[in-house]
Amino acid sequence: MDLCFDRIACVPRPGCRAWLLTVVFGLAGIPAALGQAEPIVPKPQPGAEPTKPEPAPKPPKPVLPPRTVQPKPPGKGAPAPKRLPVDINRLLKSRAGYKTARSLSGQFMAYGPISPKRRGGILDANADTILIAPDHVVVTAERVRNALFRQLGLPAMPGSKLMMRLNPAMSHRATVPVVTDRHINGYTYELTLPSEIESDKLVRALVQVTLLDLANRKPQLRDTEIPLWMTVGFTQVLLAQPDLVLVLSRPEQDGNAMAMEEVVKNVRRHDSLAGVRARLRGRRAFDFSEIAMPSPAHLRGENWRDFQACSHLLVDRLLAVRAGGVRLQNMIRQLPDNMNWQTSFLKVYGDFFADMLGVEKWWAVTIVQLTGQNQYQNWTLGEAVEKLENLLKLPAEVRLNNADSPLEAEVTLQQAIRGWDFAVQKQTLEMKINQLLIARMKMPRQLLPFVNEYGRILQNYVATRQRIELFKPRRGQARPRLAPMVDEAVRQLDSVDRRLVLFKPEPTTPAPAALPQN
């Protein structure tokens, strides 16, 4: 193509301007024809700062509903209490028909329904029970404590707090355990009682709490155990007082009236042991070994009534000796210092009894003086075998799991030797050895070898086991093995048990009735 420029001044000729503009505008329209558009960038103004391109907008954040409860910042909230306060019922709003009552001394507090009603039912129709309300329970607790202190020769003094909860849905046959809470500055006790309960069971639970409070006068690492005969005996002694009203049996209506009941009694030459004498005159009294360590069979049915009568007599006779009340309170105070109550008993009554065999003889003389029964009369063969079998069983408590209450059970000597801790074994087996010595005096001649052999096996086991527990090996000495010794003791006891079964009389079956003849 031939460009029309002047070779000297390089200026286009006037005739070529139209053609040049046509070419320039034609090239500018090509991108638009192809569907493309070039960005138009504004030219910067002279002296102005260059502007940065704007970023792309971010998507909006989602809108959440507002929280009703704002979380507390960590470390600034109040810590949860590890233990509920004792007066938790006062902090909570009272239920309709329930109230909290406090005794005059402030030691006893009860919470429960104001006007309880009987649970009803065919099985509970003839039950000898009473209805109790919070006001009645605190009054009864004050009276029981003061009456028990008078029996022991103690003045009225403040004690630990006792919280009682009355449960209308609880059966009157349920066990009433005492829960002891140990604190830095003392103890507190809790009782859960049914609103419908026997009067003697209510008094017995309050007597047990009072005896525990009297024993727990100093800090200790283990719980104090009050012997059952002492709790039952003091209960029967208090209930036998003619001029003492412990339980109010008519709850007030709507909780507005004061808990009171009018009682009129005429007392003339009262005999506190009249009920014991009438009960034991026609039945066999328990031995002291049976009272000291009763089996579950002794605490059921008619045997339980016999146990109550024997415990009543025992506590009454112990109170009747010289300085009896002071001796019993000293024994109660020494219970936390000893592993068993027999040690405390012999320390206090050492000038009367040299050992537990002397206590057994004294108890036999007491029974003869009261009822005329000869405690040293030999048993028959069948009765002796039954007594010996019961003597060789040990009472125990079994828990299916931690949430359930303990169940009463009986274990054999072999099970105790294999499974129990030696500290508990030694205490129990030594007591069994003493009971076997006492039982020899009433055993028939045929069973004396068995009694002697049981005692010899237990004595050898306790002595050998104690030597192994205290053994300190020197260089070159091996520690004696425990398992063979335990197996040998169990094997010997099993052998004596198999031979004792031969003397057990066979149960007699009634003869079949004769068919009527036509």
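Residues numbered from 1 in each chain as written. Predicted model: local features only at pLDDT ≥ 70, side-chain atom pairs only at ≥ 80, totals over all residues. Heavy atoms only, no water.

Some details on the overall build of the protein chain
Okay, step 1: Each helix and strand counted, the protein chain has 17 helices and 9 strands in total.
Okay, step 2: When burial is assessed residue by residue, the protein chain has 39% of its 518 residues classed as buried.
Okay, step 3: Partitioning the intrachain contacts of the protein chain with sequence separation of at least 6 by distance along the chain shows that 68% fall at a separation of at least 24.
Okay, step 4: Total accessible area on the protein chain is roughly 33500 Å²; 56% of this is exposed by carbon and sulfur atoms. (Helix = DSSP H or I, 4+ residues; strand = E, 2+ residues; numbered from the N terminus. Buried < 20%, exposed > 50% of the residue type's maximum accessible area, 1.4 Å probe, protein only. Contact = heavy atoms within 4.5 Å. Areas by Shrake-Rupley, 256 points an atom, 1.4 Å probe, with all protein chains shown as cover.)

A short note on helix 17 (residues 483-500)
Okay, step 1: With 18 residues, helix 17 ought to run about 26 Å at 1.5 Å a step, and its terminal C-alpha atoms sit 26 Å apart, in line with that.
Okay, step 2: Buried within helix 17 we find Met485, Val486, Ala489, Val490, Leu493, Val496 and Leu500. Along the long axis of helix 17, the arc covered by the buried residues comes to 130°, so they all point the same way.
Okay, step 3: Elements that come into contact with the buried residues of helix 17 comprise helix 13 (381-391), helix 14 (413-419) and helix 16 (448-469). (Expected span 1.5 Å × (residues − 1). Arc of directions from axis to C-beta.)

So, the sheet that holds strand 6 (residues 186-194)
Okay, step 1: With mixed pairing, the 5 strands of this open sheet are ordered in space as 1-2-4-6-5. Each of the sheet's edge strands pairs with one partner strand only, and the pair in question is strand 1 (98-102) and strand 5 (178-183). Within this sheet the neighbouring strands show an average axis-to-axis angle of 15°, counted without direction.
Okay, step 2: Where strand 1 lies against strand 2 (residues 108-113), 5 bridges are found, and the strand directions are antiparallel. Note that in strand 2 the partner of arginine 102 across the bridge is methionine 109.
Okay, step 3: The sheet strands contacting helix 4 (residues 134-152) are strand 1, strand 2, strand 4 (161-167) and strand 6, and the helix crosses strand 2 at an angle near 150°. (Pairing = 2+ DSSP bridges. Axes fitted to C-alpha atoms, helices over the stretch in contact; angles between N-to-C directions.)

Some remarks on unusual backbone geometry
Okay, step 1: Although it is not a glycine, alanine 323 sits at a positive phi angle of roughly 55°.
Okay, step 2: Considering the arrangement of structural elements, one finds alanine 323 in the loop between helix 9 (301-320) and helix 10 (324-334).
Okay, step 3: Assessed through its relative accessible area of 45%, alanine 323 is described here as partly exposed.

Some thoughts on the nonpolar core
Okay, step 1: Residues Met164, Leu191, Trp229 and Phe234 are the most contacted members of the largest nonpolar core, which totals 74 residues.
Okay, step 2: Looking at this core element by element, the count peaks at 10 residues for helix 5 (residues 199-215).
Okay, step 3: Once you skip the residues sitting within four places of it in the chain, leucine 191 turns out to touch Leu162, Met163, Met164, Arg165, Val176, Pro177, Val178, Ala205, Leu206 and Val209.
Okay, step 4: Within the second largest apolar cluster, 35 residues are counted, among which are Leu392, Leu436, Val451 and Val490. (Core = buried A, V, L, I, M, F, W, Y, C linked by side-chain atoms within 4.5 Å.)

Concerning the packing of aromatic side chains
Okay, step 1: Across all of its chains, the model carries 10 aromatic pairs by this definition.
Okay, step 2: With centroids separated by 5.9 Å and ring planes inclined at 20°, the aromatic side chains of tryptophan 304 and phenylalanine 307 adopt a geometry described as stacked. Of this pair, tryptophan 304 and phenylalanine 307 both sit in helix 9, separated by 3 residues, roughly a single helical turn. Here tryptophan 304 and phenylalanine 307 have matching classes, each one buried.
Okay, step 3: Aromatic rings pair up to connect Trp229, Phe288, Trp341, Phe345, Tyr349, Phe352, Phe353 and Trp362 into one cluster. (Phe/Tyr/Trp six-rings, centres within 6.5 Å; stacked < 30°, edge-to-face > 60°.)

Description of helix 5
Okay, step 1: Compared with the 24 Å implied by 1.5 Å per residue over 17 residues, the 25 Å span of helix 5 between its first and last C-alpha is a close match.
Okay, step 2: For helix 5, a buried count of 15 out of 17 residues is recorded, marking the element as mostly surrounded by other parts of the structure.

Structural notes on the side chain of threonine 235
Okay, step 1: By the element assignment, threonine 235 lies in helix 6 (residues 228-239).
Okay, step 2: A polar contact is formed between the side chain of threonine 235 and the backbone oxygen of threonine 231, at a distance of 2.7 Å.
Okay, step 3: In contact with threonine 235, not counting residues within four places along its chain, are Asp200, Val203, Arg204 and Val207. (Polar contact = N/O pair within 3.5 Å; in protein donor to acceptor, adjacent residues only side chain to side chain.)

Topic: the confidence of the model for the protein chain
Okay, step 1: Overall, the prediction assigns the protein chain a mean pLDDT of 76, with 70% of residues at 70 or greater.
Okay, step 2: Looking over the protein chain, one finds the lowest element-wise mean pLDDT in helix 2 (residues 30-33), namely 55, and the highest in helix 6, namely 92.
Okay, step 3: In this model, residues 510-518 is a region of pLDDT below 50 whose contacts with residues beyond four sequence positions or in other chains number 0 contacts. (pLDDT = per-residue confidence, 0-100.)

Things to note about the side chain of aspartate 135
Okay, step 1: Relative to the elements of secondary structure, aspartate 135 occurs in helix 4.
Okay, step 2: Within polar-contact distance, the side chain of aspartate 135 engages the side chain of lysine 99 at 3.1 Å.

Points about the pattern of salt bridges
Okay, step 1: Under the definition given, this model contains 15 salt bridges.
Okay, step 2: Here arginine 279 makes a salt bridge to aspartate 306, at a shortest N to O gap of 2.8 Å. Placement of the pair is arginine 279 in helix 7 (residues 274-281) and aspartate 306 in helix 9, with a sequence separation of 27 residues.
Okay, step 3: You can call arginine 279 partly exposed: its relative accessible area is 23%.
Okay, step 4: Residue aspartate 306 is classed as buried on the basis of its relative accessible area of 2%.
Okay, step 5: The closest approach of N and O atoms between arginine 456 and glutamate 453, which form a salt bridge, is 3.9 Å. On the criterion of helical spacing, the pair formed by arginine 456 and glutamate 453 is a turn pair, its members being 3 residues apart in helix 16.
Okay, step 6: By sharing partners, the salt bridges in this structure join Arg279, Glu302 and Asp306 into a single network. (Salt bridge = Lys/Arg side-chain N within 4 Å of Asp/Glu carboxyl O.)

Section: the pairing of strand 5
Okay, step 1: Direction of pairing for strand 5 relative to strand 6: antiparallel, over a ladder of 6 bridges. Looking at strand 6, one finds that aspartate 181 is bridged to threonine 188.
Okay, step 2: In this structure, the hairpin formed by strand 5 and strand 6 is closed by a connection of 2 residues.

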